[in-house]
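Structural overview
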Amino acid sequence: MGLILESSSLEWLSIAIIFFAYMYYYFTSAYSFWKKKGVKFIPPEIPFGNMKDVILLRKSGGEHFKDVYAKYPNEPYIGMYQFKSPILLLRDPDLIKTVLVKDFSYFQNRDVTRFDEKRDPLTMHLLNLKGHKWRILRAKLSPTFTSGKMKMMFHVMTECSDQLKNYLSEPAEKSEIIEMKEVMAKFTTDVIGSCAFGLQFNSIKDSNSEFRNMGRRVFEPSAWSMLRRTIRTIAPGLLKLFNVKMLPDDITQFFVGLVRDTIEYREKNNVVRNDFMQLLIQMKNQGKVQDDEHTNSESISNGTAVNGASKNDEFEFTDNVLASQAFIFFLAGFETSSTTLSYCLYELSLNPDIQAKLRDEIDATLEKCDGKITYDAIQGMRYLDKVVNETLRKHPPAPVVSRVATKPYVIPGTSDHLDVGRMVVIPIYGLHHDPKYYPNPERFNPENFSEEAKNSRPHISFIPFGEGPRNCIGLRFGLLQTKMGLVCLLANYQFNVCEKTQIPLKFDPRQIILTATEGTWLKISKR
């Protein structure tokens, strides 16, 4: 009996040795990739590659890539590994501009993952689509975000701003301490509700608003959501094999049903509104959105106009496709803007002199407008623009962007080449904190965006919305609602740090967006 047990134990030991030997070979062979190419790289650790601190939740992704960026100041790019997959971190502004703009035709896609419309209907949005489908949809949607369309939605933002002012009146009277990120998320959720869906979400007044809860759930970190992200990174095929969905069924059904029912109601009752949903209906019925600026300036480097018609521009606007665009507009619109608003109030609270200067500009502008802000007045507020840009520099909501090579590419001026499918990473957070471009980068200084300062550095050193044909399509909308929120708040209230304010900020390693671990707690009071 003892001999049998001993034999069995030896068999298991042999299997374990073979398994670990195979895994060791599997990773070490993969980790020779950059060495063989002659590219300088960071020595990886099995099985994490160079992402150990991120994977073990010791550091956010934005901070991690910022640290790598800062560690190699003389390198235009540096080889890294995400688990066993080679990725290339870009540092040189000229190279970044080349990849994002000049040679965009080589780097059209954001990710290597293939999404399944049947399994995950809401993933078929502009952020995820690739190649020809992305090009067609971008062309169709671009006229949606012109300045003319923004003017049409401006009065809706004004109404939401008034609701925000009224909501904060009572806590301001009592000089209460408030977590501003949540308040700002309610405000931007209501703006999106009105501008995108033509509906009153009532997030500001109703703490149990279904729409606010949906938005909160999508971004709420959990062990399962992080596991899904990891699987999607290292073995995306497993998602399909085990029918793993990126979004819960109830969230998918909620948004698909909402868009379908809204479109049906409007078409049946001839209801027309100046909002994003109406533009989707126009796109569905006419195949395009009317471009009120009659511009064809945005183009892809291979000669295909993004805003122009393509020879092969057929695209089936199913309920799922339309719902996906509304869904991503909802998520991106409320989350990034609320994050920017809360960080801006945080910095203004730490810098009361800057807060006072911005308030003076707001007061002077309102006086010229007889107390009612206008779209053109917002656009003309130069110091407001500087403050918002400095917030986006110091705290970019999307701290990292990536692109994937769609055809073989030789890095200009070198013999180094990238294969199809190879990912390049642009560390926006690192660029924005480089002392070469921003002296004393941890200091909040709106004068970083004076004309003189902007002309002294590469344009690509400030890219909070990305750059090139695949930049954020809704940047105008995001900036407008952010500025509207700030004008409303600073015209009526004063903000200060308090005992619950986290100084300095620490960022949540579980989140993709740059998120403060303890929220943004500030004291609000009447002026």
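Read on for a plain summary of the structure. (Residues numbered from 1 in each chain as written. Predicted model: local features only at pLDDT ≥ 70, side-chain atom pairs only at ≥ 80, totals over all residues. Heavy atoms only, no water.)

1. Digging into the sheet that holds strand β8 (residues 493-496)
As summarised here, the arrangement of the three strands in space is β3-β9-β8, forming an open sheet in which the pairing is antiparallel. Two strands lie at the open edges of the sheet, namely β3 (177-179) and β8, each paired on one side alone. Strand-to-strand, the axes of this sheet are offset by a mean angle of 40 degrees, without reference to chain direction. Across three bridges, the pairing between β3 and strand β9 (residues 521-526) is antiparallel. By the bridge assignment, I178 is partnered in β9 with L522. (Pairing = 2+ DSSP bridges. Helix = DSSP H or I, 4+ residues; strand = E, 2+ residues; numbered from the N terminus. Axes fitted to C-alpha atoms, helices over the stretch in contact; angles between N-to-C directions.)

2. Things to note about the pattern of salt bridges
For the coordinates displayed, the defined rule picks out 20 salt bridges. Between E390 and R393 there is a salt bridge, and its shortest N-O distance comes to 2.9 Å. Highlighted residues: E390 and R393, both in helix α17 (residues 382-394), separated by three residues, approximately one helical turn. The structure contains a network of salt bridges with shared partners spanning D53, R58, K59 and D67. (Salt bridge = Lys/Arg side-chain N within 4 Å of Asp/Glu carboxyl O.)

3. So, the sheet that holds strand β4 (residues 401-404)
Read across the open sheet, the four strands follow the order β1-β2-β7-β4; overall the sheet is mixed. The strands lining the two open edges of the sheet, one partner per strand, are β1 (77-82) and β4. Ignoring which end each strand starts from, the neighbouring axes of this sheet average 30 degrees apart. Of the pairings in the sheet, the one linking strand β2 (residues 85-90) to strand β7 (residues 423-426) comprises three bridges and is parallel in character.

4. Concerning the packing of aromatic side chains
The tally for this structure, following the rule as stated, stands at 21 aromatic pairs. Judged by centre distance (5.7 Å) and plane angle (35 degrees), the ring pair of F197 and F201 falls under tilted. Given a relative accessible area of 0%, F197 falls into the buried group. Overall, the relative accessible area of 5% leaves F201 in the buried class. An angle of 35 degrees between the planes, with centres 6.4 Å apart, marks the rings of Y438 and F449 as tilted. On the criterion of sequence distance, the pair formed by Y438 in the loop between α18 (428-432) and α19 (451-455) and F449 in the loop between α18 and α19 is long-range, its members being eleven residues apart. Each member of the pair, Y438 together with F449, is buried. An aromatic cluster is built from F197, F201, F254, F255, F327, F330 and F334, whose rings are joined through pairwise contacts. A cation sits over an aromatic face here: K407 above Y106, 4.7 Å from the ring centre. A cation sits over an aromatic face here: K500 above W521, 3.5 Å from the ring centre. (Phe/Tyr/Trp six-rings, centres within 6.5 Å; stacked < 30°, edge-to-face > 60°. Buried < 20%, exposed > 50% of the residue type's maximum accessible area, 1.4 Å probe, protein only. Lys NZ or Arg CZ within 6 Å of the ring centre and 35° of its normal.)

5. Details of the pairing of β8
Remark: a regular strand shows side chains that alternate across the two faces of the sheet. Only one face of β8 is covered, namely the one carrying Y493 and F495; the face carrying Q494 and N496 has none of its residues buried. Examined bridge by bridge, β8 and β9 share four bridges and lie antiparallel to one another. In the sheet register, N496 faces β9, and the bridge partner there is K523.

6. Examining helix α15 (residues 352-368)
If you check α15, its first and last C-alpha atoms are 24 Å apart, about what 17 residues at 1.5 Å a residue would give, namely 24 Å. Looking at the buried positions of α15, the neighbouring elements they touch are α14 (319-350), α16 (375-379), α17, α20 (475-492) and β8. Two residues or fewer past α15, D370 is found with a positive phi of approximately 55 degrees. (Expected span 1.5 Å × (residues − 1). Contact = heavy atoms within 4.5 Å.)

7. A word on the environment of L490
With respect to the helices and strands, the residue L490 is situated in helix α20. Between the alpha carbons of L490 and L345 there is a distance of 9.2 Å; along the sequence they are 145 residues apart.

8. With respect to the side chain of T482
By the secondary structure assignment, T482 is in helix α20. In terms of polar contacts, T482 uses its side chain to reach the backbone carbonyl oxygen of G478, at 2.8 Å. (Polar contact = N/O pair within 3.5 Å; in protein donor to acceptor, adjacent residues only side chain to side chain.)

9. Observations regarding helix α8 (residues 180-197)
The end-to-end C-alpha distance of α8, which contains 18 residues, comes to 25 Å, matching closely the 26 Å that a straight helix rising 1.5 Å per residue would cover. Summarising burial for α8: 17 of the 18 residues are buried, a large majority. The residue sitting at the N-terminus of α8 and contributing the capping side-chain oxygen is E179; that oxygen lies 3.0 Å from the backbone nitrogen of K181. Just downstream of α8 lies G198, where phi reads positive at about 70 degrees.

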